[in-house]
Amino acid sequence: MLGLLGDKELISLDWDSRLLRAVEWQINKSGAKVRRCVVEPVPPQLDIRSAAVMAVFIRQVLDRARMRASATVIDVPRDQAVLNAMSLPAVSVNDLAGMVNLQLAKELPFPAAEAVVDFAVTEVHEQNRTADVLVAAIRREVLNFLQEVCQRAGLKLERVGLRPYANMVAIKQMLGGRSSGRVMFVDVGPTLTEIGILRDGALVFSRAASVHLDDYREVAGPAGGSDAGMMEIEITPANSLPALRKSDPEQKAIDTLLVEITRSAEAYRSTDPGARFDQIVVAGSSGLERRLLEGISKRFLVQAQRYSPGSIMRQSTLSEDQQSALAAAIGLGLGQAHDHDLHFDFMHPKRVLDAAERRKKWLPYIGAAAGVLILLGAAAWWVGIRPYRQQIALVEKDIQRLEGDLQRLSEAATVVQKVQRWQAEQLVWPDELVQLLSVLPDARKAHLQDLTLAGAKGEISFELVASDHAVIYQLVDAIKKLSHPGEKEGEAQLLFNVVHTQISNNEKDEKYPSRTRVTVASRRIAELEEKENRRSRS
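This one's a predicted model, so the numbers in the text were calculated from it and none came from an experiment. (Residues numbered from 1 in each chain as written. Predicted model: local features only at pLDDT ≥ 70, side-chain atom pairs only at ≥ 80, totals over all residues. Heavy atoms only, no water.)

1. A short note on the sheet that holds strand E9 (residues 182-187)
Thinking step 1. Spatially, the five strands line up as an open sheet ordered E11-E10-E9-E14-E15, and their pairing is mixed. Looking at the sheet topology across the chains shown, the edges are occupied by strand E11 (202-210) and strand E15 (305-306).
Thinking step 2. Taken together, the two bridges between strand E14 (residues 279-283) and E15 define a ladder with parallel strand orientation. Each residue of the ladder has a partner; that of Val 282, found in E15, is Arg 306.
Thinking step 3. Along the sheet, helix H6 (residues 289-300) contacts E9, E14 and E15; its crossing angle with E14, the most-contacted strand, is approximately 160°. (Pairing = 2+ DSSP bridges. Helix = DSSP H or I, 4+ residues; strand = E, 2+ residues; numbered from the N terminus. Contact = heavy atoms within 4.5 Å. Axes fitted to C-alpha atoms, helices over the stretch in contact; angles between N-to-C directions.)

2. What about helix H2 (residues 93-104)?
Thinking step 1. Taking 1.5 Å per residue as the helical rise, H2 with its 12 residues ought to reach 16 Å, and the 16 Å between its terminal C-alpha atoms agrees with that figure.
Thinking step 2. By the burial criterion, the buried members of H2 are Asn 94, Leu 96, Ala 97, Met 99, Val 100, Gln 103 and Leu 104. (Expected span 1.5 Å × (residues − 1). Buried < 20%, exposed > 50% of the residue type's maximum accessible area, 1.4 Å probe, protein only.)

3. Focus on the sheet that holds strand E21 (residues 514-522)
Thinking step 1. Pairing is antiparallel in the open sheet, where four strands are placed in the order E16-E17-E21-E20. At either margin of the open sheet sits one strand with a lone partner, and together these are strand E16 (446-454) and strand E20 (496-505). For this sheet the average axis-to-axis angle between neighbouring strands, irrespective of direction, equals 15°.
Thinking step 2. Bridging between E16 and strand E17 (residues 459-466) involves eight bridges; their strand directions are antiparallel. Paired with Leu 448 across the strands is Leu 464, a residue of E17.
Thinking step 3. Docked against the sheet, helix H12 (residues 469-481) engages E16, E17, E20 and E21, running at close to 175° with respect to E20.

4. Brief notes about the packing of aromatic side chains
Thinking step 1. Tallied over the full model, the rule gives six aromatic pairs.
Thinking step 2. Centroid distance Phe 185 to Tyr 307: 6.5 Å. Interplanar angle 80°. Geometry classified as edge-to-face. Placement of the pair is Phe 185 in strand E9 and Tyr 307 in the loop between E15 and helix H7 (320-324), with a sequence separation of 122 residues.
Thinking step 3. Measuring from ring centre to ring centre gives 6.2 Å for Phe 205 and Tyr 268, while their planes differ by 65°; the resulting arrangement is edge-to-face. Taken together, the residues span a long stretch of sequence, with Phe 205 in strand E11 and Tyr 268 in helix H5 (residues 247-269) at a distance of 63 residues. Here Phe 205 and Tyr 268 have matching classes, each one buried.
Thinking step 4. An aromatic cluster is defined as three or more aromatic residues linked by ring pairs; in this entry it consists of Phe 205, Tyr 268, Phe 277 and Phe 300.
Thinking step 5. A cation over a ring is seen here: Lys 350 above Phe 119, with NZ or CZ 5.3 Å from the ring centre. (Phe/Tyr/Trp six-rings, centres within 6.5 Å; stacked < 30°, edge-to-face > 60°. Lys NZ or Arg CZ within 6 Å of the ring centre and 35° of its normal.)

5. Remarks on the packing of helix H4 (residues 163-175) against helix H8 (residues 327-335)
Thinking step 1. Running from amino to carboxyl end, H4 crosses H8 at an angle of 85°, the nearest separation of the two axes being 7 Å. One element, H4, and the other, H8, form an angle in the roughly perpendicular class. Taken together, the residues of H8 that come into contact with H4 (itself represented by Arg 163, Ala 166, Asn 167, Val 169, Ala 170 and Gln 173) are Ala 327, Ala 328, Ile 330, Gly 331, Leu 332, Leu 334 and Gly 335.
Thinking step 2. Of the residues contributing to the contact of H4 with H8, the split by class is eight nonpolar, four polar and one charged. (Parallel < 35°, antiparallel > 145°, perpendicular 65-115°, else oblique. Nonpolar A, V, L, I, M, F, W, Y, C, P; charged D, E, K, R; others polar.)

6. Remarks on the layout of surface pockets
Thinking step 1. Computed from the structure, the largest pocket encloses a volume of approximately 1,900 Å³.
Thinking step 2. If you go around the largest pocket, you meet 49 residues; those closest to its centre are Leu 83, Asn 84, Phe 205, Thr 271 and Gln 449.
Thinking step 3. Elements supplying a minimum of two residues to the lining of the largest pocket: strand E5 (82-89), strand E6 (115-125), strand E7 (130-139), E11, H5, E16, E17 and E21. (1 Å grid on protein atoms, 1.4 Å probe; cavity = no way out; pocket = protein on both sides within 12 Å on 5 of 7 lines; lining within 4 Å. Points joined across faces, edges and corners; volume = space filled by probe spheres on them.)

7. Here's the deal with the confidence of the model for the chain
Thinking step 1. Put simply, the chain has an average pLDDT of 81, and 81% of its residues get 70 or more.
Thinking step 2. Scored below 50 in pLDDT, residues 1-5 shows six contacts in the model against residues more than four places distant or in partner chains.
Thinking step 3. Note on residues 354-358: pLDDT under 50 across the span, and five contacts to partners over four residues away in sequence or across chains. (pLDDT = per-residue confidence, 0-100.)

8. Notes on the side chain of Glu 158
Thinking step 1. Checked against the element boundaries, Glu 158 lands in strand E8 (residues 156-162).
Thinking step 2. Among the polar contacts made by the side chain of Glu 158, one reaches the side chain of Lys 8 at a distance of 2.5 Å.
Thinking step 3. Aside from chain neighbours lying at most four places away, what touches Glu 158 is Lys 8, Leu 10, Ala 71, Thr 72, Gln 336, Asp 345, Met 347 and His 348. (Polar contact = N/O pair within 3.5 Å; in protein donor to acceptor, adjacent residues only side chain to side chain.)

9. What about helix H3 (residues 140-152)?
Thinking step 1. Between the first and last C-alpha of H3 there are 18 Å, a value that for 13 residues agrees with the 18 Å anticipated at 1.5 Å per step.
Thinking step 2. All of the buried residues in H3 are Val 142, Leu 143, Leu 146, Val 149 and Cys 150. Viewed along the axis of H3, the buried residues span an arc of 125°, placing them on a single side of the element. Seen from the open side of H3, the exposed residues pointing more than 90 degrees away from its buried face are Glu 141, Gln 151 and Arg 152. (Arc of directions from axis to C-beta.)

See the structure below:
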């Protein structure tokens with residue numbers, strides 16, 4: 001909640017094995033403003049996997065930077081998250097939560113009980129009433145680690161976001177109205193480089209490439225000891241970072257990064273054939289970024305540019321290289337100034353509301369209706385005890401006004417009934433999805449890559465990669481046999497018509513060498529659409 005003066009102080013934190021990045025914000029209804037920021041090297045001997053050690057280090061850095069806020073937001077890097085894109089019916093966030101958990105449970109590489117799942121709606125298509133949803137899952141132990149770090153450091157953890165999504169927010173702030181088209185974002189890190197792709201301002205692809213830049217560095221001086229005290233950690237000045245070797249080793253690092261960036265671009269093009277990038281932005285402070293920009297520009301024939309937070313960091317004393325490393329921390333802070341439903345929050349993941357919570361949501365509307373009834377009763381009582389003409393005339397005016405309000409309420413109730421009827425009809429979609437997903441093969445035999453719903457046609461189309469063609473044929477046969485009870489006792493009606501099946505070879509994955517695109521038509525959905533069309537014509 002905002003403070004008494006409408007302002008809130010907040011710290012956004014982002015770190016890797018080489019740098020700790022912290023930004024202190026002042027947030028209010030008009031937006032977010034940077035107060036202080038710091039980019040601090042992580043001592044080589046510091047164990048970033050220890051919550052106690054990281055807490056001491058973070059506390060020391062914040063104290064030296066005079067950052068006094070306790071509310072904190074942190075992100076989870078791409079390599080610690082399972083990230084999938086889905087196309088689902090355009091329903092409420094609470095209803096989407098059920099569909100997301102049902103679908104993602106089949107694709108997790110670890111038990112669902114150990115997962116924390118959240119999602120963000122990137123785009124809604126009004127024409128076919130579907131929504132593009134980005135879904136991410138992390139292990140619960142990752143969330144527990146971040147909570148322990150903040151607790152030990154005296155910080156109040158308010159949100160745990162996703163680094164690729166935070167980078168997306170930062171890039172959109174940097175580009176402003178120029179974020180349309182396809183934008184590639186490369187965030188160079190010491191061991192992992194994150195590559196993300198935005199299409200018309202929405203994150204549609206993200207990958208973490210393992211490139212250990214320390215393999216190409218010469219570390220000045222002897223290695224630090226491993227027995228540093230927890231209560232006092234030596235912080236290395238920013239200008240004493242290990243330098244990259246020159247000439248061939250440096251070029252080899254750049255070539256390795258270019259290979260991984262090209263692989264990421266080709267992986268994205270498998271879902272968007274022939275895609276060309278309109279803009280490319282590179283972030284990081286490894287010392288390679290300037291030469292990497294030249295290599296990327298030549299490779300993709302697009303003038304790449306360095307990430308810069310611009311005017312939002314106008315008063316910062318950080319160097320250009322240090323500011324370029326702040327993308328994720330900037331995106332986290334900016335995200336706090338907007339609707340949280342638009343962002344990832346593994347601390348408070350979106351979920352299905354139970355019956356008690358749904359009733360609680362309706363309490364304000366019930367109270368308003370009761371207030372209207374009480375007001376009408378008071379008006380009637382007023383007329384009964386005040387027989388004078390002048391007072392009666394005033395009460396009659398009040399009654400007329402209330403009747404107008406009542407008429408508007410009645411019209412609103414009609415609209416609510418229509419919406420409720422539409423939502424009830426849309427519940428067919430989850431029924432069909434449950435039936436279809438129940439026959440999908442085990443993840444060791446097949447992997448679902450894409451799912452699209454076409455409401456107007458009553459069709460469900462999905463792409464699947466499998467260990468062999470036989471798995472696909474067995475799946476199609478199982479779909480054809482799906483049925484539900486008919487109108488007569490003992491009668492069964494088929495649930496789907498298989499409209500189209502296309503099987504091809506998947507040369508990119510030896511584990512799943514077979515690929516198929518299957519399109520099925522739901523008989524019940526088609527009948528529902530026909531009934532709606534007849535109702536519209538009548």
